Amino acid sequence: MTTKPEENSKSPVPEAPGCNTASKDAILQVRGLRKWYPVNKAVTFFGRDIIGKTDLLKAVDDVSFDVAIGETFGLVGESGCGKTTTGKLILQLEKPNAGNIFFEGEDVSKLSSAGMRNYRSSVQAVFQDPWASLNPRMRVNEIVGEPLSIVTTMTKEQIRKKVGELLEEVGLNEYQANFFPHEFSGGQRQRIGIARALALNPKLIILDEPVSALDVSIRAQIMNLLVDLQDEHNLAYILIAHNLATVRYMCHATAVMYLGVIQEMGETEELFNNPQHIYTNALMSAALPSHPDIDRDEIVLPGEVVSPINPPPGDVFQSRSPLDVDPKHKYASTRPPLVQVGKKDHWVVDTPWSIAPENMKVKLEAR
Amino acid sequence: MTTKSKAVKVKQTTTSGKSKQSSTKTTSKVSDFGRKTVRDEIVLSVKDLQTQFTTKWGTVKAVDGISFELKKGETLGIVGESGSGKSVTSLSLMRLVPSPPGHIVGGEVILNGRDLLKISEKDMTQVRGGEISLILQDPMTALNPCFSIENQVGEGIRIHQGLRGKTLFQKIVDALKSVRIPSAHQRAKDYPHQLSGGMRQRVVGAIGISSNPSVIIADEPTTSLDVTIQGAYLRLLKQIQEETGVGIIFITHDFGIVAKMCDRVAVMYAGRIVESADVRTIFNNPLHEYTKALIESVPELEQKTGRLKQIKGQPPALWDLPEGDSFAPRSPLKFSEKDAKIRPELVEVTKDHFVQLSRCSVKDFNKYSKLVKY
């Protein structure tokens, strides 16, 4: 699954399991992405800290996926599973240790500075906390207009006009451009964040938990706005979320991550109707029901989420599996690849202890 | 407010014949040492509670005359968005509203036959953490990083039960064991930063239940937890409730938690209860437009949801509430301005189903119009 960097940036994107390069028009292709952080292990010696050997925190470990034009790709998992780090790597806020990101077929790491500028304006982000992601000293006009004044050659008057249009587009009023962020409610602030992300006509927006900090009654407004904007501008989204219901509502394709590794990936409806991996089933069984008559049996995984520092060399899920793990099996010491389920767009890590047996399969039934 | 149907729900988990009797309407005074099931014994009864804050924008009626009852072993969900007054309600029950600027200006909070609003501060200290305890939202801030788990769990036991030394430590370990903390002896010596988020939330839970309270108020206890940990924690709360028969008030904005945990639901909007009923009635037959909208605006996990229904507008500012029906500006229904000016009353429309009847926010108003004078 690991890929050797090619010489030419126009070189074909390597194949990877779960990534169907031929059939879809992908806007973003991630191949073998890896982010390992060195962690210093402190050793105390007569009350003094001596830096011992360096451990590796494997935040993202060999992740490959495709994002199709105009579609939403969901990354789900518990906190610490590496979904946010994946987003940061795509935004070039972090440099990957290995692996490549291909944007419209071009390797991002080999872009010229002009190409990089183009990439940065094509890929934007909306963050989780609208209270923290807007500078309280800037007026909305400046916040939304800043990318325009940096990247484009628009005059102040043109920028003001464009900001007005953007605000109208996300459901705010033009006159509010002169307000400061504190004058808005949470939902309105998130709209400002979306307007800022839209300013440079991006092709891909990374949504990092865009609704989880908002009030229930406001969440639907923002989700509907995002869906409408996607239809209108043919935007691709990467939705990073922990709420499965949100993912099912918004995403066309979904990947379930655990400890920096994609465990199961596929077309969203197929994934929710026929979850294969025990971890996916456990997440779905623990999700809150939408009606009091729905009473799912919860699948409880033994132990707690394992630390991503020096994870097991083989399958990362082996320590959480309720099934017996054969320590002599080859996947106990080597990383298992994603394997296709049937002939569908559905891929799963296939080891003897990771595929849910019938009694651990969750049937999500609407009431 | 006797809930017959709710009693049945919790009863399913028990096989004793006694519980069958408890679902009848007669008030059961038989105490079988707190062995679960909803009895018709009311532990907490709140009548017309009003809490106000004096601010520079004027008087904010954060809680504006709410009433509810909680039975033994029952879980009541108080649902609403931020600013609806649900957290102030919980603080008012504990008499922890910061004063100034806050004042409890009226009403009654009767816990085990005593009005908590009338007793002295000294007596109230005995009640807090004793008969009634609070589990807070964020385990990161609810625990003091400077004190060990032992110290923080033990504080309540020491004060309320006067235990010292080995017996105290044994009680602490028991409390930690009851929230299923593994190797409780060692964990008791740990400090909060040594525990994971889920474990910390369990410690907060252990503090809550350590003194065998009659009522636990859980204020969004799982919002900062991951799904799987949340599931385990909710299951644990249910088990504890079955073991001890404690009444739980669940304050949340998540209808998923309500569906999973609660027997009864009270939906709050702008400081007032707009609808309250048992949980199945709320989900199957909501009457108030706000309740309907809250349920329908959440995507379903169980099937592909079509376009979400959204509630227009923002939650109202409490210092500038519209006169009359405060939900009128956000209501999708058609109504005249005169209707919006009428302050609606909470009326029992069917048995145990209370709705704030207003032409602005109840679609079938005409069906029930006989029940009100306006």
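Quick caveat, the model's predicted, so the values are computed rather than measured.

Student: Any chance you could break down the overall build of chain A for me, citing the residues and the numbers?
Tutor: Across its full length, chain A carries nine helices and 12 strands. In terms of overall dimensions, chain A has C-alpha extents of about 70 × 55 × 55 Å along its principal axes. Across the 367 residues of chain A, 47% fall into the buried class. Intrachain contacts of chain A at a sequence separation of at least 6 include 68% that bridge at least 24 residues.

Student: I'd like to hear about the overall build of chain B, residue by residue, with values.
Tutor: A tally of regular secondary structure across chain B gives 15 helices and 12 strands. Counting all 374 residues of chain B, 51% fall into the buried class. Residue pairs at least 24 apart in sequence account for 63% of intrachain contacts in chain B once pairs closer than 6 positions are excluded.

Student: Mind laying out the environment of Thr244 of chain B, listing which residues take part and the relevant values?
Tutor: Tracing the backbone through its elements, the reader meets Thr244 of chain B in helix α10 (residues 227–244). It is 40 Å that separates the C-alpha atoms of Thr244 of chain B and Leu308 of chain B, two residues lying 64 residues apart in sequence.

Student: Lay out the domain arrangement of chain B in plain terms, naming residues and giving numbers.
Tutor: Residues and elements named next belong to chain B. As assigned here, chain B comprises domain 1 (1–131 + 213–374) and domain 2 (141–212). In terms of residue count, the dominant contributor to the side of domain 1 that touches domain 2 is α10 (six residues). Its residues assigned to classes, the side of domain 1 that touches domain 2 shows nine nonpolar, five polar and no charged.

Student: Outline helix α6 (residues 149–161) of chain B, supporting the account with residue identities and numerical values.
Tutor: An α-helical segment advances 3.6 residues per turn. Residues three or four places apart therefore align on the same side. Residues and elements named next belong to chain B. Taking 1.5 Å of rise per residue, the 13 residues of α6 would be expected to cover 18 Å, and the 18 Å separating its terminal C-alpha atoms lies within 8% of that figure. Its axis deflected by about 30° at Glu155, α6 carries its strongest bend there. Buried residues of α6: Ile149, Gln152, Val153, Gly154, Gly156, Ile157 and His160, and no others. Tucked into the core, α6 has its buried residues touching α4 (121–127), α7 (165–178), α8 (184–187) and α9 (197–209). Phi turns positive, to about 60°, at Gly162, one or two residues after α6.

Student: Can you tell me about the interface of chain B and chain A, naming the residues and giving the values?
Tutor: Each partner contributes to the interface: chain B provides 38 residues, whereas chain A provides 36 residues. Mapped onto the side of chain B that touches chain A, the elements with two or more residues apiece are α10, α11 (255–261), α12 (279–284) and α13 (289–296) of chain B. When residues in the side of chain B that touches chain A are grouped by element, the largest group, six residues, is from α10 of chain B.

Student: Lay out the confidence of the model for chain B with the relevant residues and their values.
Tutor: Low pLDDT marks stretches whose predicted atomic positions should not be read closely. Of the residues in chain B, 90% have a pLDDT of 70 or more, and the chain-wide mean is 82. Complex prediction metrics read pTM 0.83 and ipTM 0.79.

Student: Tell me about the pairing of strand β6 (residues 123–126) of chain A, residues and numbers included.
Tutor: Residues and elements named next belong to chain A. Burial along β6 is two-sided: Val123 and Ala125 facing one way and Gln124 and Val126 facing the other are all buried. Pairing between β6 and strand β7 (residues 204–208): four bridges, direction parallel. The partner of Val123 across the bridge, within β7, is Leu204.

Student: Residues and numbers for the environment of Ile110 of chain B, please.
Tutor: Residue and element names in this part refer to chain B. Within the secondary structure, Ile110 is located in strand β4 (residues 102–111). For Ile110, a count of 17 C-beta atoms within 10 Å translates into the label partly exposed. Sequence separation between Ile110 and Ser369 is 259 residues; the distance between their C-alpha atoms is 32 Å. In contact with Ile110, other than residues within four places in its own chain, are Ser45 and Asp115.

Student: Give me the lowdown on the pairing of strand β3 (residues 75–79) of chain B, citing residues and values where you can.
Tutor: Residue and element names in this part refer to chain B. β3 sits mainly inside the fold: five of its five residues count as buried. In β3, alternate side chains face the same way, and those of Thr75, Gly77 and Val79 on one face and Leu76 and Ile78 on the other are all buried. Pairing of β3 with strand β9 (residues 264–269) involves four bridges; the strand directions are parallel. Paired with Leu76 across the strands is Arg264, a residue of β9.

Student: How would you summarise the sheet that holds strand β2 (residues 58–71) of chain B if you had to cite specific residues and measurements?
Tutor: Residue and element names in this part refer to chain B. Taking strand neighbours across the sheet as the criterion, the four strands line up as β2-β1-β4-β5 in an open arrangement whose pairing is antiparallel. The open sheet terminates on both sides in strands that have one partner only, identified here as β2 and β5 (114–115). Alignment of strand β1 (residues 42–55) against β2, held across 11 bridges, turns out to be antiparallel. Along β2, the bridge assignment pairs Thr54 with Thr59. In the packing of helix α3 (residues 86–93) onto the sheet, contacts are made with β1, β2 and β4, and the angle to β2 comes to roughly 70°.

Student: Kindly report on unusual backbone geometry, identifying the contributing residues and their values.
Tutor: All names here are of chain B. Omega for the bond connecting Ser99 with Pro100 falls within 30 degrees of zero, at -15°, which places this linkage in the cis form. Along the polypeptide, Pro100 turns up in the loop between α3 and β4. Cis geometry marks the peptide bond from Pro100 to Pro101, where omega comes out at 5°. Along the chain, Pro101 falls in the loop between α3 and β4.

Student: Which residues make up the packing of helix α5 (residues 186–198) of chain A against helix α6 (residues 216–233) of chain A, and what are the values?
Tutor: Residues and elements named next belong to chain A. Put simply, α5 and α6 touch, their axes get as near as 10 Å, and they point 15° apart. By the angle between their axes, α5 is roughly parallel relative to α6. Handedness of the α5/α6 crossing: right-handed. Residues Gly186, Gly187, Gln190, Ile194 and Leu198 of α5 form the contact with α6, whose participating residues are Ile218, Gln221, Ile222, Leu225 and Leu229. For the contact of α5 with α6, the residue count by class is six nonpolar, four polar and no charged.

Definitions and limits used
Residues numbered from 1 in each chain as written. Chains lettered and ligands numbered in written order. Predicted model: local features only at pLDDT ≥ 70, side-chain atom pairs only at ≥ 80, totals over all residues. Helix = DSSP H or I, 4+ residues; strand = E, 2+ residues; numbered from the N terminus. Buried ≥ 20, exposed ≤ 12 C-beta atoms within 10 Å, placed from the backbone. Contact = placed C-beta atoms within 7 Å. Domains from an automatic or database assignment. Nonpolar A, V, L, I, M, F, W, Y, C, P; charged D, E, K, R; others polar. Expected span 1.5 Å × (residues − 1). Bend = angle between axes of the 7 residues up to and from the residue. pLDDT = per-residue confidence, 0-100. Pairing = 2+ DSSP bridges. Axes fitted to C-alpha atoms, helices over the stretch in contact; angles between N-to-C directions. Parallel < 35°, antiparallel > 145°, perpendicular 65-115°, else oblique. Left-handed = near helix turned anticlockwise from the far one by under 90°.

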